[in-house]
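These are the residues of each chain, in order.
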Amino acid sequence: MSCSIGLDISTSCTGWCIVDPEGKLVEMGYIPLSKIDTAYKKASRVRDVLSKLHIRHDITSVFIEENLQAFRPGFSSAKTIVTLARFNGMVSLMSYDVFGLSPSFINVNHARKRVGLKIDRKSETSTKDQVLNFARGRIPSFEWPMRTLKSGPRKGLVLFADSCYDISDAYVIASSCVKNE
């Protein structure tokens, strides 16, 4: 069965999601990268995971969240934007090498609109949490990674792992590109 893969590329964690032509979840997960010391080693790790996914699935299209296009005060610094763009380019080339497909770059706001996700900018719930809640609602059977706080006043509290944000972003990217939606 042919499938599409959506990628949310970051230097600390890259989320991925594979959907079938009807938009049904096939598989999704993340690639932890924060403990790997160079961009080249991180990109090599992503290539390894993409290669394994290519063996398991007939990937016929690749969709990648578009780079940030502008500096916004109070958000990512110019240096961070350049680093992420460089890494995005590396992983984009890796995905081309692995799948033999030119990736399509998707604007995150367009992707959210296409799947019917409206971000409430006035909400006390962060954008990341709104995206995660949307994905959880669409795929309730998925077992999201969890973490347990080890110290502090909330010691023992079980929360969603930070990787859930990357996974849910990849889900939105992959789902937004399904022809039937």
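Model, not experiment: these values are computed from the prediction.

(A) Quick look at the overall build of the protein chain. Secondary structure assignment for the protein chain yields five helices and seven strands. Walking the protein chain from its N terminus toward its C terminus, one meets helices and strands in the order β-β-β-α-β-α-β-α-α-β-β-α. In terms of C-alpha radius of gyration, the protein chain reaches 16 Å, essentially the compact-globule figure of 16 Å for 181 residues. Looking at the protein chain residue by residue over its 181 residues, the buried ones come to 43%. Accessible surface, the protein chain as shown: approximately 10500 Å² in total, 52% of it carbon and sulfur. The centroid of the 25 positive side-chain charges in the protein chain is displaced by 5 Å from the centroid of its 18 negative side-chain charges.

(B) Inspection of the environment of S44 at higher detail. Take S44: it is sitting in helix α1 (residues 39-56). Taking C-alpha positions, S44 is 12 Å from P32, a pair spaced twelve residues apart along the chain.

(C) Representation of the nonpolar core. Grouped together as the largest cluster of nonpolar side chains are 25 residues, with contacts concentrated most on C17, M28, L117, W144, Y171 and V172. Residue assignment for this core shows that the elements contributing at least two residues are β2 (13-19), α3 (108-115), α4 (127-138) and α5 (163-176). Take this core: its biggest share by element is seven residues, from α5. Ignoring anything within four residues of it in the chain, the contact list for M28 reads W16, C17, I139, F142, W144, I167 and Y171. In this structure, I18, A43, I59 and M94 belong to the second largest nonpolar core, which totals 22 residues.

(D) Representation of the sheet that holds strand β3 (residues 25-32) in the model. The sheet built from five strands is open, its strands ordered β3-β2-β1-β4-β5 with mixed pairing. A strand with exactly one partner marks an edge of an open sheet, and here the two such strands are β3 and β5 (104-106). The sheet shows a mean angle of 25 degrees between the axes of neighbouring strands, direction not considered. Sheet topology note: the β2/β3 ladder contains seven bridges and is antiparallel. Of the residues in β3, the one forming a bridge with C17 is M28. Strands in contact with helix α2 (residues 78-99) are β1 (2-8), β2, β4 (58-65) and β5; relative to β4, the strand with the most contacts, it is inclined by about 170 degrees.

(E) Broad picture of the pattern of salt bridges. All told, the structure shown has three salt bridges when counted by the stated rule. A salt bridge links E27 to R56, with the nearest nitrogen and oxygen atoms 2.6 Å apart. With E27 in strand β3 and R56 in helix α1, this pair connects stretches of sequence that are 29 residues apart. Among the residues examined, E27 registers a relative accessible area of 23% and is labelled partly exposed. Judged by its relative accessible area of 48%, R56 falls in the partly exposed class.

(F) Region of the structure containing the confidence of the model for the protein chain. Per-residue confidence for the protein chain averages 92 on the pLDDT scale, and 93% of its residues sit at or above 70. Ranking the helices and strands of the protein chain by mean pLDDT puts β3 first, with 98, and α2 last, with 91.

(G) Seen up close, α5. Its 14 residues give α5 an end-to-end C-alpha distance of 20 Å, which sits within 8% of 20 Å, the value for a rise of 1.5 Å per residue. With 13 of 14 residues buried, α5 is to be regarded as a mostly interior element.

(H) Representation of α4 within the structure. Counted at 1.5 Å a residue, the expected span for α4 with its twelve residues is 16 Å, and the 17 Å between its end C-alpha atoms agrees. Taken residue by residue, α4 has Q130, V131, L132, F134 and A135 as its buried positions.

Here is what the cut-offs are and how they apply
Residues numbered from 1 in each chain as written. Predicted model: local features only at pLDDT ≥ 70, side-chain atom pairs only at ≥ 80, totals over all residues. Heavy atoms only, no water. Helix = DSSP H or I, 4+ residues; strand = E, 2+ residues; numbered from the N terminus. Rg over C-alpha atoms; globule rule 2.2 N^0.38 Å. Buried < 20%, exposed > 50% of the residue type's maximum accessible area, 1.4 Å probe, protein only. Areas by Shrake-Rupley, 256 points an atom, 1.4 Å probe, with all protein chains shown as cover. Lys, Arg positive; Asp, Glu negative; His and termini not counted. Charge placed at Lys NZ, Arg CZ, Asp CG, Glu CD. Core = buried A, V, L, I, M, F, W, Y, C linked by side-chain atoms within 4.5 Å. Contact = heavy atoms within 4.5 Å. Pairing = 2+ DSSP bridges. Axes fitted to C-alpha atoms, helices over the stretch in contact; angles between N-to-C directions. Salt bridge = Lys/Arg side-chain N within 4 Å of Asp/Glu carboxyl O. pLDDT = per-residue confidence, 0-100. Expected span 1.5 Å × (residues − 1).

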